[in-house]
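Okay, here's what each chain looks like letter by letter:
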Amino acid sequence: MDDHSHRSRWRMLSGLRNNFLAGLVVVVPIALTMWMIWTFVGWIDSWVLPFVPGYYHPDALIDRFFGDSEWFKMIFGEDVRVNVRGLGVVVFLVFTVFVGWIAKGLIGRSFLAWGERLVDRMPVVRSLYNGLKQIAETVFNQSNEAKFDTACLVEYPRKGIWAIAFISTKAKGEIDAKIPVDEDIISVFLPTTPNPTSGFLLFVPRHSVIKLDMSVEDCAKLVISAGLVYPNAKDPSQPIGITKN
């Protein structure tokens, strides 16, 4: 009888543990996604809202239009202010679209060229601005020429050890000329785990690059998960294109 009750208690605890782990699989991604969005929106608001008059802040508008109502006081109290995020994001999007529209016109291009000529006369500011501008043009380029569209394998940090990387472009200029290899040199970005936004820029011969059929997004998931998530609908435990017999 004692053994039976012990086994029943163990099965109940095991079931609770399994339910808890299954719940974590559902709750953790949702919670982290919401937290990241909330934090990012709050970060933008903290930069943009100081430029918006306090009279038009969301909490001031809500208090002005609904603060005297009885149901509002009953729910939120007399001195409670509702923290509404997102106005800064909206203002930032509208402002960015407006600046882009102006920059495409003749007046905007002329003003931008005048500002860049002025920046070019400032030694430190010139280097910082030109570097950031080149990065922004590469990241937000709408063409298909300047983006990661192919994942690959390269031997790094030594022969026999393979790492996932993303093909950037064909090496150009002095880099291509100074590397003593009689073939094309490919620049690849090798991300780190679990943060793929940091990594290493490698210049490797074309024959050293093994292109993958996986998409860049699937390879990013593989890097972030430290090799735990393989994008294969038929068999998630195997890489794409490989199935068990």
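The structure displayed is predicted, hence computed values, not measured ones.

Student: It is not clear to me how the overall build of the protein chain should be interpreted in this structure. Could you clarify?
Tutor: The helix and strand tally for the protein chain stands at eight helices and five strands. Mapped in sequence order, the helices and strands of the protein chain form the string α-α-α-α-α-α-β-β-α-β-β-β-α. Scored against the burial criterion, the 245 residues of the protein chain give a buried share of 19%. Put simply, 41% of the contacts in the protein chain that link residues at least 6 apart link residues at least 24 apart.

Student: For this particular structure, what's the right way to read the sheet that holds strand E3 (residues 185–191)?
Tutor: Paired through their backbone hydrogen bonds, the strands of a sheet run either parallel or antiparallel. In spatial order, the strands read E4-E3-E2-E1-E5; together these five strands make up an open sheet with antiparallel pairing. Since the sheet does not close on itself, it has two edges, and those belong to strand E4 (199–205) and strand E5 (210–211), each with one partner. With four bridges joining them, strand E2 (residues 162–170) and E3 adopt antiparallel strand pairing. Of the residues in E3, the one forming a bridge with Phe 166 is Phe 189. Relative to E2, helix H8 (residues 216–224) is tilted by about 145 degrees, and along the sheet it contacts strand E1 (151–155), E2 and E3.

Student: When you look at the nonpolar core in this model, what are you seeing that I'm missing?
Tutor: Taken as a class, soluble globular proteins show a tendency for nonpolar side chains to be buried jointly. With eleven residues, the main nonpolar core is built from Cys 152, Val 154, Ala 163, Ala 165, Ile 167, Ile 186, Val 188, Leu 190, Leu 202, Val 204 and Val 209. At the level of elements, E1, E2, E3 and E4 are the ones that each hand at least two residues to this core. The residues contacting Val 188, other than those within four sequence positions of it, are Cys 152, Val 154, Ala 165, Phe 166, Ile 167, Ser 168, Phe 200, Leu 201, Leu 202 and Val 204. Formed by nine residues, the second largest nonpolar core is a distinct cluster that contains Phe 166, Met 214, Cys 219 and Val 223.

Student: Help me understand the packing of helix H4 (residues 87–104) against helix H5 (residues 106–119) in this model?
Tutor: The angle between the axes and the distance between the axes are what describe a pair of packed helices. Relative to each other, H4 and H5 sit at 90 degrees, their axes nearing to 4 Å. Relative to H5, the element H4 lies roughly perpendicular. For the pair H4 and H5, the contacting residues are Ile 102, Ala 103 and Lys 104 in the first and Leu 106, Gly 108 and Arg 109 in the second.

Student: What am I meant to see in the side chain of Ser 225 here?
Tutor: Relative to the elements of secondary structure, Ser 225 occurs in the segment after H8. What makes Ser 225 buried here is its relative accessible area of 16%. A polar contact of 3.3 Å, which involves the side chain of Ser 225, links it to the backbone oxygen of Leu 222.

Student: I would appreciate a short explanation of the state of the cysteines in the present structure.
Tutor: Note on terminology: disulfide describes a covalent bond linking the sulfur atoms of two cysteines. By the definition in use, this model includes zero disulfides. No disulfide involves Cys 152; its sulfur sits 8.5 Å from that of Cys 219, the nearest cysteine. On the accessibility criterion, Cys 152 (0% relative accessible area) is buried. Look at Cys 219 and you get buried, because its relative accessible area is 0%.

Student: I tried to follow the packing of aromatic side chains on my own but got confused; where do I start?
Tutor: To describe a pair of aromatic rings, one takes the distance between the centres and the angle between the planes. For the structure on display, the rule yields five aromatic pairs. Between Trp 43 and Trp 47 the ring centres are 6.4 Å apart and the planes differ by 65 degrees, which places this aromatic pair in the edge-to-face class. Taken as a pair, Trp 43 and Trp 47 lie in helix H1 (residues 2–48) at a separation of four residues, close to a single helical turn. Each member of the pair Trp 43 and Trp 47 is classed as exposed. Their ring planes at 40 degrees and their centres at 6.1 Å tell us that Phe 98 and Trp 101 sit as a pair that is tilted. With Phe 98 and Trp 101 both in helix H4 and three residues apart, this pair spans about one turn of that helix. A relative accessible area of 46% means that Phe 98 is categorised as partly exposed. A relative accessible area of 60% means that Trp 101 is categorised as exposed. What links up through ring pairs into an aromatic cluster is the set Phe 40, Trp 43 and Trp 47.

Student: Where do I start with the pairing of E3 in this structure?
Tutor: It is a general feature of regular strands that their side chains alternate between the two faces of the sheet. Burial analysis of E3 places seven of its seven residues in the buried class, which makes it a mostly covered element. Residues Ile 185, Ser 187, Phe 189 and Pro 191 of E3 are buried on one face, and the alternating residues Ile 186, Val 188 and Leu 190, pointing to the opposite face, are buried as well. Judged from the seven bridges that link them, E3 and E4 form a sheet pairing that is antiparallel. When the bridges of E4 are listed, Ile 186 appears paired with Val 204.

Rules and cut-offs
Residues numbered from 1 in each chain as written. Predicted model: local features only at pLDDT ≥ 70, side-chain atom pairs only at ≥ 80, totals over all residues. Heavy atoms only, no water. Helix = DSSP H or I, 4+ residues; strand = E, 2+ residues; numbered from the N terminus. Buried < 20%, exposed > 50% of the residue type's maximum accessible area, 1.4 Å probe, protein only. Contact = heavy atoms within 4.5 Å. Pairing = 2+ DSSP bridges. Axes fitted to C-alpha atoms, helices over the stretch in contact; angles between N-to-C directions. Core = buried A, V, L, I, M, F, W, Y, C linked by side-chain atoms within 4.5 Å. Parallel < 35°, antiparallel > 145°, perpendicular 65-115°, else oblique. Polar contact = N/O pair within 3.5 Å; in protein donor to acceptor, adjacent residues only side chain to side chain. Disulfide = S-S within 2.5 Å. Phe/Tyr/Trp six-rings, centres within 6.5 Å; stacked < 30°, edge-to-face > 60°.

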